[in-house]
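# Chain and residue survey
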Amino acid sequence: MARFVRDIFLACSPSRSSECCPIWIDRIYRRSGANLPFGDPVPSRGAEMEGCFWRVTDVQQRRVVVVLGGVNRHINGDWATVALATHPGGFARSAVLDHAYASSDRFLVEAGDGAFRATSAGLHLDLGRDARADFEFSNSFAWPYALGGGGVFSAVPFLGQYWQPHILDGSATGEVSAGDASWKVDQSQLYAEKNWGAGFPLRWWWGQAHGFDRRDVCVAFGGGRLTAGPVARSVSGVVVRLGNDVIRLTPPFSRVECETDGQSWELNAKGRGYRVTISGNADHAPHVLPVPLPKERRNAETEYKPLAGTLTLTVSGRAQFRSSSDLAGLEIGRRPW
């Protein structure tokens with residue numbers, strides 16, 4: 001904490017030019033995990049754990065592809081958690097990769113001497129001939145708000161976990177190999193997010209869906225036990241894109257409640273003149289995906305994610321919408337004891 005305060009003081013000293021001062025402040029503030037208003041949410045913060053996640057929904061082929069790749073800090077060298085999962089077929093493969101790197105100036109994550117590389121323009125993952133994904137991204141609908149996915153909590157330093165959807169919709173084109181199946185993806189819908197902090201919370205829940213009766217609709221929600229020093233509480237948030245409008249409902253200015261038992265997810269959110277309700281059901285057995293344990297330099301398989309469940313989204317109040325998707329991603333997880 002003392003070093004953080006010192007760096008802020010030095011950044012604002014008269015010796016800094018007025019042109020560079022905002023850049024220095026933003027970079028230094030990111031070291032705390034938080035984001036200044038209008039700060040770039042995608043460069044690395046150098047956190048102990050920094051995860052990146054992409055979800056590609058191919059409505060026409062009824063396929064879903066999930067790629068994750070995160071950088072974990074370790075005294076003996078940074079390492080990466082990577083995984084590929086697909087639906088249908090139940091394919092999932094994960095790995096630990098050495099030589100991990102995440103840029104603090106732009107969105108660039110790479111690991112494994114070429115096995116994994118991701119930028120804002122696309123990604124490449126190669127875990128063998130039967131576990132590969134290559135995508136190019138375009139037409140991204142980027143995050144529109146000054147504050148991040150957690151609302152005011154995005155600007156609070158030294159929290160245990162931060163959450164940031166940064167592509168609410170876009171197009172993904174490329175090729176996927178998963179087990180015995182290989183196929184091409186053409187202009188499928190893209191969702192991308194980041195999360196970072198000291199590690200995953202003790203327990204968390206999550207969901208995301210495209211595939212409604214309107215292509216320009218996206219929903220994402222997440223929550224868990226948020227910690228700040230000795231204080232801990234359960235916190236949830238939800239983001240809905242309806243065309244050009246984005247609804248973000250997060251505490252403390254909105255009331256968001258979520259309950260899940262790993263088979264069903266029920267979320268109710270109210271604030272800013274909106275009411276959002278979500279009902280999700282796991283229609284298929286969950287994929288089991290890795291959770292990094294940064295200090296132990298290993299992954300634990302304690303994240304359970306049905307890749308294609310049914311989710312009904314209802315928005316009322318200042319906007320009206322109701323539709324269902326049967327290609328929704330749902331999730332529940334826990335930190336290993």
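Rules used throughout
- Residues numbered from 1 in each chain as written.
- Predicted model: local features only at pLDDT ≥ 70, side-chain atom pairs only at ≥ 80, totals over all residues.
- Heavy atoms only, no water.
- Helix = DSSP H or I, 4+ residues; strand = E, 2+ residues; numbered from the N terminus.
- Rg over C-alpha atoms; globule rule 2.2 N^0.38 Å.
- Buried < 20%, exposed > 50% of the residue type's maximum accessible area, 1.4 Å probe, protein only.
- Contact = heavy atoms within 4.5 Å.
- Lys, Arg positive; Asp, Glu negative; His and termini not counted.
- Charge placed at Lys NZ, Arg CZ, Asp CG, Glu CD.
- Pairing = 2+ DSSP bridges.
- Salt bridge = Lys/Arg side-chain N within 4 Å of Asp/Glu carboxyl O.
- Polar contact = N/O pair within 3.5 Å; in protein donor to acceptor, adjacent residues only side chain to side chain.
- Core = buried A, V, L, I, M, F, W, Y, C linked by side-chain atoms within 4.5 Å.
- Phe/Tyr/Trp six-rings, centres within 6.5 Å; stacked < 30°, edge-to-face > 60°.
- Lys NZ or Arg CZ within 6 Å of the ring centre and 35° of its normal.

Looking only at helices and strands, one finds two helices and 22 strands in the chain. For 337 residues, the compact-globule estimate of 2.2 N^0.38 gives 20 Å, and the C-alpha radius of gyration of the chain, at 19 Å, lies within 12% of that figure. A buried classification covers 57% of the 337 residues belonging to the chain. Of the contacts made within the chain by residues no fewer than 6 positions apart, 56% connect residues no fewer than 24 positions apart. Charged side chains of the chain number 37 positive and 34 negative; the gap between the two group centres comes to 6 Å.

We now examine the sheet that holds strand β4 (residues 91–97). The sheet built from eleven strands is open, its strands ordered β4-β3-β2-β1-β11-β10-β9-β8-β7-β6-β5 with antiparallel pairing. Edge positions in the open sheet fall to β4 and β5 (101–102), since each of these has one partner strand only. Two elements, strand β7 (residues 116–119) and strand β8 (residues 122–126), share four bridges in a ladder whose sense is antiparallel. The residue of β8 that forms the bridge with Ala-118 is Leu-123.

Tallying each qualifying case throughout the model produces 13 salt bridges. One salt bridge connects Arg-241 with Asp-169, and the closest N-O pair in it is separated by 3.0 Å. Of this pair, Arg-241 sits in strand β14 (residues 231–242) while Asp-169 sits in strand β10 (residues 161–178); the two residues are 72 residues apart in sequence, bridging distant segments of the chain. Residue Arg-241 shares its accessibility class with Asp-169, and that shared class is buried. Through salt bridges with shared partners, a single ionic network connects Glu-303, Lys-305 and Glu-331.

One can find Ser-323 in strand β22 (residues 321–334). We classify Ser-323 as buried; its relative accessible area is 9%. Of the polar contacts made by the side chain of Ser-323, one reaches the backbone nitrogen of Asp-213; its length is 3.3 Å. Apart from the residues within four sequence positions on either side, Ser-323 is in contact with Phe-212, Asp-213, Leu-311, Thr-312 and Leu-313.

Take the nonpolar core next. What tends to happen in soluble globular proteins is that the nonpolar side chains get buried as a cluster. Trp-54, Val-67, Phe-116 and Phe-135 are the most contacted members of the largest nonpolar core, which has 36 residues in total. Within the second largest apolar cluster, 28 residues are counted, among which are Ala-269, Val-276, Leu-311 and Leu-330.

This paragraph deals with the packing of aromatic side chains. With the rule as written, the count across this model stands at seven aromatic pairs. Judged by centre distance (4.6 Å) and plane angle (40 degrees), the rings of Phe-200 and Trp-204 are tilted. Trp-204 sits in the buried class, given a relative accessible area of 5%. Linked through ring pairs, Trp-54, Phe-107 and Phe-116 together constitute an aromatic cluster. Above the ring of Phe-141, the side-chain terminus of Arg-241 is found at 4.0 Å from the ring centroid. Taking NZ or CZ as reference, Arg-248 lies 4.3 Å from the ring centre of Tyr-145, over its face.

Another aspect to go through is the pairing of strand β2 (residues 63–72). The element β2 is largely enclosed, with a buried count of nine among its ten residues. Sheet topology note: the strand β1 (residues 49–58)/β2 ladder contains ten bridges and is antiparallel. Each bridged residue has a counterpart across the sheet, and for Asp-58 the counterpart in β2 is Arg-63. Taken together, β1 and the strand that follows it, β2, pair antiparallel across an intervening segment of four residues, in which Arg-62 is found at a positive phi of about 60 degrees. Note that β2 and strand β3 (residues 79–87) share nine bridges and pair antiparallel. Of the residues in β3, the one forming a bridge with Asn-72 is Trp-79.

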